[in-house]
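# Architecture at a glance
What follows is the residue order along each chain.
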Amino acid sequence: MSDRAPQPVERQLPTEESRDLIALVRDIAQREIAPRAAEEEDAGRFPREIFSLLSESGLLGLPYDSEYGGGDQPYEVYLQVLEELAAARLTVGLGVSVHSLSCHALAGYGSKEQQTEHLPAMLGGGLLGAYCLSEPASGSDAASLRTKAVRDGDDWVITGAKAWITHGGVADFYTVMARTGQEGARGITAFLVPGDAPGLSAGAPEKKMGMKGSPTALVNFDGVRIPDTRRIGEEGQGFSIALSALDSGRLGIAACAVGVAQAALDEAVSYATGRQQFGRPIADFQGLRFMLADMATRIEAGRALYLTAARRRDAGLPFSQQAAMAKLFCTDAAMSVTTDAVQVLGGYGYTQDFPVERLMREAKVLQIVEGTNQIQRMVIARHLAGPESR
Ligand SMILES: Cc1cc2nc3c(=O)[nH]c(=O)nc-3n(C[C@H](O)[C@H](O)[C@H](O)COP(=O)(O)OP(=O)(O)OC[C@H]3O[C@@H](n4cnc5c(N)ncnc54)[C@H](O)[C@@H]3O)c2cc1C
C-alpha cells in the first residue's frame, strides 16, 4: 500500500556471531514463517516442521550450554531472536520460549548423568518440550496444585491433570510439577516425563481467541509411571525450580510482546503513509502522527526494559523484579500498540485482510500467560515492600 517499506530494527548486539545469528533468524522468518502465518493461524494449524527447522538451525537451545547441544548465547541475544520470531508469528516465538522454559529445570537442577542423557536431544535433537504447572483449579495460586506423584519402589506414579499446556499433545517431553508431600509450595517436586509415557494423554486443543496455531490443551496423567531417575532436583524443590524457570520465561514473553507490537507498528506506518484521505496521506494528520510516535516510544521503552533485565541476568545479578517489570510493561504495551494499529487502519484494520486484528488478539494472551499482569505487580511489590501480611 505504501512506498515506505518497514526497515528492520537496528539492534545493539554484542558480537559478530550474534549479528550473523539475527540475520539467519530474519531469513528464516521472512522465507518460512511470516508468509504462512495468517493462513495457518486462521486454520489453527501447528507448524511442527518450523520447530524442526529451528532445531536443525541451532535455534531451539540458544541460551543453554554448548556442552549439551545449546548455543551458549547470552539472554541479551536469545531474547532478540525471540522478538524477531514473534514478529513473524507469535505461535513460533512463544513456542520457542515455552520450549526453553521446559528445558530450564533439567539444565539448571538436573544431575550430570541426567543432563548427559537427556539434554542434547532436548536442546538440539529436534525434540519439543512443554511446561506443566497450571491445573484446572490452580492458576495464579500455583502452589495449591493437586497432581500427585506417589513413590512406588524405584518409580513414581503420577496422577492428575494439567491445564492450559502449550504444546499439550504435540510435545516430546513434559516438565511436570507434582505434589509429593505436604500442602503448599514445599510439597512439590519436578519430573521429566516422556511424551509417549503410558497413561499420558491430551484433550482437544482449547478454542482460543488468538494464537490458534499453538495447541493449548489439558494434559491427563492417569497413573503415569516413571523411574526416580526422571525426578529433577530434590523432593520438595519443585516449586522453587518452577518459579526460577518463570523468572527467565517472563523475559521471553516480554520479548515476544515487543515483537508483536513492532509488527503492528510496521503495518500501521506502512498503511498510514499510503492511504489517502482529504487528498493527503493520513500519515500527514497530526492526530495519527502522534499515535504512531507514542506506539514507537512504547516499543522502544519495552525493548530497553527487557534488555536491561536480560543484561542483569547475563551478568549474574538478581533479575526477578526486572523480569516481572519487563513482562508487565511489554505485554501492556503490546496490547495498547496493537489496538492503536487497528485504529490507524480504520475499517480495514478490523478485517482479516490485514494482520493487525490478529496481532491485537495475540497480544491479549501475553497479559495472561506465565503469571497474569496482576501477579507481576504482586511480584514487583514484594520486592519493594516485602511479603503481604495476612
Ligand atoms: C494460551 C495459554 C497458554 C498457556 N500455557 C501454559 C503452559 O504452557 N503451562 C502452564 O503451566 N500454564 C499455561 N497457561 C496457564 C496460565 O499460566 C494461567 O492461565 C495463568 O497463570 C492464570 O491462571 P488462571 O487462568 O487459572 O486464572 P486465575 O488464577 O483464576 O485468575 C483469574 C483472574 O484473577 C486475577 N487474580 C488471581 N489472583 C489474584 C491476586 N492475588 N490478586 C489480584 N488478582 C488476582 C488474575 O490476574 C486473573 O485476572 C497458559 C494459558 C493460556 C491462556
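Please read all numbers here as calculations on a predicted model, not as lab measurements. (Residues numbered from 1 in each chain as written. Predicted model: local features only at pLDDT ≥ 70, side-chain atom pairs only at ≥ 80, totals over all residues. Heavy atoms only, no water.)

A word on the side chain of Arg-230. Mapped onto the fold, Arg-230 is located in the loop between β7 (216-227) and β8 (231-232). Of the side chains bearing the opposite charge, Glu-117 lies closest to the buried Arg-230, which forms no salt bridge; the N-O distance is 5.8 Å. Residue contacts for Arg-230: discarding those within four places in its chain leaves Gln-114, His-118, Ala-190, Phe-191, Leu-192, Val-193 and Pro-194. (Helix = DSSP H or I, 4+ residues; strand = E, 2+ residues; numbered from the N terminus. Buried < 20%, exposed > 50% of the residue type's maximum accessible area, 1.4 Å probe, protein only. Lys, Arg positive; Asp, Glu negative; His and termini not counted. Salt bridge = Lys/Arg side-chain N within 4 Å of Asp/Glu carboxyl O. Contact = heavy atoms within 4.5 Å.)

Glancing now at the packing of helix α1 (residues 16-43) against helix α2 (residues 48-56). Contact pair α1 / α2: the axes reach a minimum separation of 11 Å and the direction vectors enclose 170°. With respect to α2, the axis of α1 lies roughly antiparallel. Remark: the crossing between α1 and α2 carries left-handed chirality. Only Glu-49, Ile-50, Leu-53 and Leu-54 of α2 make contact with α1, whose side of the interface consists of Ile-28, Glu-32, Ile-33 and Arg-36. Tallied by class, the residues present in the contact of α1 with α2 amount to five nonpolar, no polar and three charged. (Axes fitted to C-alpha atoms, helices over the stretch in contact; angles between N-to-C directions. Parallel < 35°, antiparallel > 145°, perpendicular 65-115°, else oblique. Left-handed = near helix turned anticlockwise from the far one by under 90°. Nonpolar A, V, L, I, M, F, W, Y, C, P; charged D, E, K, R; others polar.)

In this section: the packing of aromatic side chains. For the structure shown, the criterion picks out seven aromatic pairs. Centroid distance Phe-46 to Phe-51: 5.3 Å. Interplanar angle 25°. Geometry classified as stacked. As far as burial versus exposure is concerned, Phe-46 and Phe-51 are alike and both buried. Both rings, one in Phe-278 and one in Phe-285, keep their centres 6.1 Å apart while their planes meet at 85°; by these two values the pair is edge-to-face. Under the relative-accessibility criterion, Phe-278 is labelled exposed at 76%. Against the face of Tyr-75 rests Arg-313, its NZ or CZ located 3.8 Å from the ring centre. (Phe/Tyr/Trp six-rings, centres within 6.5 Å; stacked < 30°, edge-to-face > 60°. Lys NZ or Arg CZ within 6 Å of the ring centre and 35° of its normal.)

We now examine empty space enclosed by the protein. According to the stated counting rule, one finds one cavity of 30 Å³ or more in the structure shown. Estimates place the volume of the largest cavity at around 60 Å³. Secondary-structure elements contributing two or more residues to the lining of the largest cavity are α3 (75-88), α4 (90-109) and α6 (238-274). Looking at the lining of the largest cavity residue by residue, the class counts come to five nonpolar, six polar and no charged. (1 Å grid on protein atoms, 1.4 Å probe; cavity = no way out; pocket = protein on both sides within 12 Å on 5 of 7 lines; lining within 4 Å. Points joined across faces, edges and corners; volume = space filled by probe spheres on them.)

Scope: geometric values only; no functional claims are made or implied.
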